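Single-letter residue listing:
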Amino acid sequence: MDTAVDTAPDFGRPIFGAALGTHLVRRLRTAVGLVLGAGTAVLELLGAVVGGLALLPLLASPRGRQAVLRPLTAAGRVLVRLERARLDRFLGVRLPGVHEDGDALRYLAARWPLGLLGAVVLGCAAYGLGLGTFVLYGWLITEIDHPWLVAFSSVGGFFLLFLSVQGALGVVSLEGQLARRLLAPSHAHALEARIAQLASSRAEVMDVVHDERRRIERDLHDGVQQRLVALGMLLGRARRLRARDPERADELLLQAHEESRRALTELREVAWRVYPTVLDEAGLRAALESVAERSPLPVGLAYAVERPLPRAVETVAYFVVSEAVTNVVKHAGATRIDVHVAVKEGELNVRVTDDGVGGADASGSGLSGLASRAAALDGRFAVHSPAGGPTVVRAVLPCA
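Just so you know, these numbers come straight off a predicted model, no measurement behind them.

Peer 1: How do you make sense of the overall build of the chain when you look at a structure like this?
Peer 2: Counting its regular elements, the chain contains 11 helices and 6 strands. The proportion of buried residues among the 400 residues of the chain is 31%. In the chain, once contacts between residues fewer than 6 apart in sequence are set aside, the share between residues at least 24 apart is 71%. As presented, the chain carries roughly 24,100 Å² of accessible surface, and 62% of it is formed by carbon and sulfur atoms.

Peer 1: Before we go on, may I ask you to explain the nonpolar core in this structure?
Peer 2: The tendency in soluble globular proteins is for nonpolar side chains to be buried as a group. Ranked by size, the top nonpolar core spans 40 residues in total, and within it L284 and L348 carry the most contacts. Among the elements of the structure, α8 (277-282), α9 (284-294), β2 (299-304), α10 (311-332), β3 (337-344), β4 (347-354), α11 (365-376) and β6 (391-398) are those that each provide at least two residues to this core. It is α10 that contributes the most residues to this core, 11 residues altogether. V93, A104, Y107 and V171 belong to the second-largest nonpolar core, a separate cluster that totals 19 residues.

Peer 1: What should I look at first to understand a nonpolar patch on the surface in this one?
Peer 2: Together, V135, L136, Y137, W139, L140 and I141 make up a nonpolar patch on the protein surface, roughly 680 Å² of accessible area in all. You can see I141 is positioned in helix α4 (residues 134-141).

Peer 1: Can you walk me through the environment of V339 in this structure?
Peer 2: Along the chain, the position of V339 falls in strand β3. A relative accessible area of 2% means that V339 is categorised as buried. For the pair V339 and V352, spaced 13 residues apart in sequence, the C-alpha to C-alpha distance is 4.6 Å. With near-sequence residues (within four places) excluded, V339 lies in contact with V299, G300, L301, A302, V321, R351 and V352.

Peer 1: Any chance you could explain the packing of α9 against α10 here in plain terms?
Peer 2: Describing two packed helices takes the angle between their axes plus the distance from one axis to the other. Interaxial distance between α9 and α10 falls to 10 Å at its minimum, and their mutual angle equals 10°. Overall, the two elements α9 and α10 adopt an arrangement that is roughly parallel. Along the contact surface, α9 presents L284, A287, L288 and V291, while α10 presents E314, A317, Y318, V321, S322 and V325. Taken together, the residues that form the contact of α9 with α10 break down as 8 nonpolar, 1 polar and 1 charged.

Peer 1: Even after reading the chapter, I still don't get the environment of L36, so can you show me in this structure?
Peer 2: Inspection of the secondary structure assignment puts L36 in helix α1 (residues 15-55). Assessed through its relative accessible area of 41%, L36 is described here as partly exposed. Each C-alpha atom of the pair L36 and F90 lies 9.4 Å from the other, and the pair is 54 residues apart in sequence. In contact with L36, other than residues within four places in its own chain, are R86 and F90.

Here is what the cut-offs are and how they apply
- Residues numbered from 1 in each chain as written.
- Predicted model: local features only at pLDDT ≥ 70, side-chain atom pairs only at ≥ 80, totals over all residues.
- Heavy atoms only, no water.
- Helix = DSSP H or I, 4+ residues; strand = E, 2+ residues; numbered from the N terminus.
- Buried < 20%, exposed > 50% of the residue type's maximum accessible area, 1.4 Å probe, protein only.
- Contact = heavy atoms within 4.5 Å.
- Areas by Shrake-Rupley, 256 points an atom, 1.4 Å probe, with all protein chains shown as cover.
- Core = buried A, V, L, I, M, F, W, Y, C linked by side-chain atoms within 4.5 Å.
- Patch = residues over 30% accessible without salt bridge, like charges linked within 9 Å, V, L, I, M, F, W, Y side chains within 5 Å.
- Salt bridge = Lys/Arg side-chain N within 4 Å of Asp/Glu carboxyl O.
- Axes fitted to C-alpha atoms, helices over the stretch in contact; angles between N-to-C directions.
- Parallel < 35°, antiparallel > 145°, perpendicular 65-115°, else oblique.
- Nonpolar A, V, L, I, M, F, W, Y, C, P; charged D, E, K, R; others polar.

Structure representation (structure tokens):
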């Protein structure tokens, strides 16, 4: 058994440097998002001008307005999809649900000034950076007669850079507020969607519970019960032969003892699959280590959770890893499994990767049951398993 568990903190890790690098990457991603937003703002401005000029002479003609609005609406859908992807990927603004076409057109008409403002702010930031660092490269391109004036200008450039960065963050905040106001569902619609989601997840969880009960009954009937029947038959034969053939009776008792040991092992396996007691006694880390130790394949476990988690989150995380490892052993033809568990931004991220043949069916009873468990906690569950592998099972569970 090859089980690698990485849980010890790395005290030699440059924490400040890593945090600074992460901060710079986020700011660079924000800048890219604003640049892309400036490009889409130009398209939105052109669309607003062209659409307004086309609709102006047709205000009194409903049929004419519809003829103009249809292509505008189609183009608006495309632009809004691009905007939603940009907001999610670069600015960290996630918009749940769907939006109406009218809301989409209103959003595009109202957003282009923000997009152009973002371009102006980025231009000021670039100018401030260039002016602030001129003291480093200016002497290469021109003669500097007044170094003190250049130094004073550098201070002003860095101050302009600071103000521009704050302005960029303000533009990002305004972009998020505008998108949530016009593209996110209304409070009533959100409540209706939430009620429907809870009803669906409740029904799915009940289906999972019923499936688990049927599986437990099948395991008990086909496994433990059969062994107990065989045990009773062996003890009965040994009892009948005890007087006339003691040696044969001893052999039967030895077989009965072995059968009782196997029955006890299978009963423990069934109980473990229902709910592992180690999860209550020692926590998620110990339970996952037990899954890794019991697996016939090498399992690498990287566990980076430094605080206790809610019991419901630990339970779902355990079953995600346990079921995923079981599926890999049974179907994937893999040689190794890697499990990563970490907390990031108030969410528990669970990832199980194998080097098998791929092609896992996410709609199967096992994986769909895991998706239902995750949905019951407002979590997300995904399976990526292309033909040829690798297969990656992910679960993200809120744990703040």
